[in-house]
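Secondary and tertiary structure notes
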Amino acid sequence: MLEDLQPGQRLARGVARHLTRLGFVSVEEFVPARGLRVDVMGLGPKGELWVIECKSSRADFQSDAKWQGYLEWCDRYFWAVDLAFPTELLPQETGLIIADPYDAEVIRMAPEDRLPAARRKVLIQKFATHAARRLQALRDPGVLGLVSP
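Keep in mind the model is a prediction, meaning the values are calculated, not measured.

Re the sheet that holds strand 5 (residues 95-99)
The strand order 1-2-3-4-5-6 describes an open sheet built from six strands, whose pairing is mixed. Strands with a single pairing partner mark the edges of an open sheet, and in this sheet they are strand 1 (25-30) and strand 6 (104-108). Neighbour-to-neighbour, the strand axes of the sheet open up by a mean angle of 30°, direction not taken into account. Pairing geometry for strand 5 and strand 6, over four bridges, is antiparallel. If you follow A99 over to strand 6, its bridge partner there is A104. Sitting on the sheet, helix 3 (residues 117-139) is in contact with strand 1, strand 2 (38-43) and strand 3 (49-54), with an inclination near 85° to strand 1.

Considering the state of the cysteines
Enumeration according to the criterion identifies zero disulfides in this entry. Here C54 stays free of any disulfide, with the sulfur of C74 as its closest cysteine sulfur at 14 Å. By relative accessible area, C74 is classed as buried at 2%.

Remarks on the environment of C54
Secondary-structure assignment places C54 in strand 3. In sequence terms C54 and A65 are 11 residues apart; their C-alpha atoms lie 14 Å from each other. Those residues within four positions of C54 in sequence are excluded, and the remaining contacts are G8, L11, A12, D39, V40, D60 and A80.

Focus: the pairing of strand 4 (residues 76-81)
Burial of strand 4 is extensive: six of the six residues sit out of reach of the surface. Burial along strand 4 is two-sided: the face carrying R76, F78 and A80 and the face carrying Y77, W79 and V81 are both buried. Note: strand 3 against strand 4, five bridges, orientation parallel. Residue pairing in the sheet places I52 in a bridge with F78 of strand 4.

What to know about the side chain of K55
Assignment of secondary structure puts K55 in the loop between strand 3 and helix 2 (58-62). Engagement of the side chain of K55 in a polar contact is seen with the side chain of D64, the distance being 2.9 Å. Sequence-distant contacts of K55, defined by excluding residues within four places in its chain, comprise L11, D60, F61, D64, W79, A80, V81 and F85.

Looking at the pattern of salt bridges
On inspection of all chains with the given rule, the structure shows eight salt bridges. The salt bridge partner of R119 is E72, with a shortest N-O separation of 3.3 Å. Of this pair, R119 sits in helix 3 while E72 sits in the loop between helix 2 and strand 4, and the two are 47 residues apart along the sequence. By relative accessible area, R119 is classed as partly exposed at 26%. The class of E72 is partly exposed, set by a relative accessible area of 45%. Note that R114 and D75 form a salt bridge whose closest N and O atoms lie 3.7 Å from each other.

Rules used in this analysis
Residues numbered from 1 in each chain as written. Predicted model: local features only at pLDDT ≥ 70, side-chain atom pairs only at ≥ 80, totals over all residues. Heavy atoms only, no water. Pairing = 2+ DSSP bridges. Helix = DSSP H or I, 4+ residues; strand = E, 2+ residues; numbered from the N terminus. Axes fitted to C-alpha atoms, helices over the stretch in contact; angles between N-to-C directions. Contact = heavy atoms within 4.5 Å. Disulfide = S-S within 2.5 Å. Buried < 20%, exposed > 50% of the residue type's maximum accessible area, 1.4 Å probe, protein only. Polar contact = N/O pair within 3.5 Å; in protein donor to acceptor, adjacent residues only side chain to side chain. Salt bridge = Lys/Arg side-chain N within 4 Å of Asp/Glu carboxyl O.

Below, the structure is given as structure tokens:
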């Protein structure tokens with residue numbers, strides 16, 4: 001299974017494992033708003049929301065023109081990269097996580113910019129719905145055809 005994952009998905013796997021150790025739950029490929037898709041959204045034990053974008057190469061990072069649009073959808077924003085990634089490319093005002101498929105480590109904590117309460121409530125509801133649908137689809141793959149958009 002691991003060999004079937006793309007490089008960014010391998011990073012996301014390690015990030016999700018690390019978030020679990022921090023008491024977070026996470027979902028991959030989360031859509032906080034139309035036109036946005038974050039690699040990993042983490043929901044912490046106190047309701048904090050983190051966005052983690054996984055970048056597997058210099059070209060992957062340089063082609064990402066939407067990342068600043070994610071800032072308004074989280075309390076903290078991180079990049080997750082592997083050890084070979086040139087981290088000097090990453091903005092200093094964001095968090096940094098070094099990851100591999102098995103684990104990760106927060107190298108630089110992202111600054112906190114707390115979400116407004118109304119937006120937090122909407123995002124947590126979306127997060128729960130997304131996670132529940134994914135779980136149900138694993139148990140019953142045919143169920144997705146029954147869900148209205």
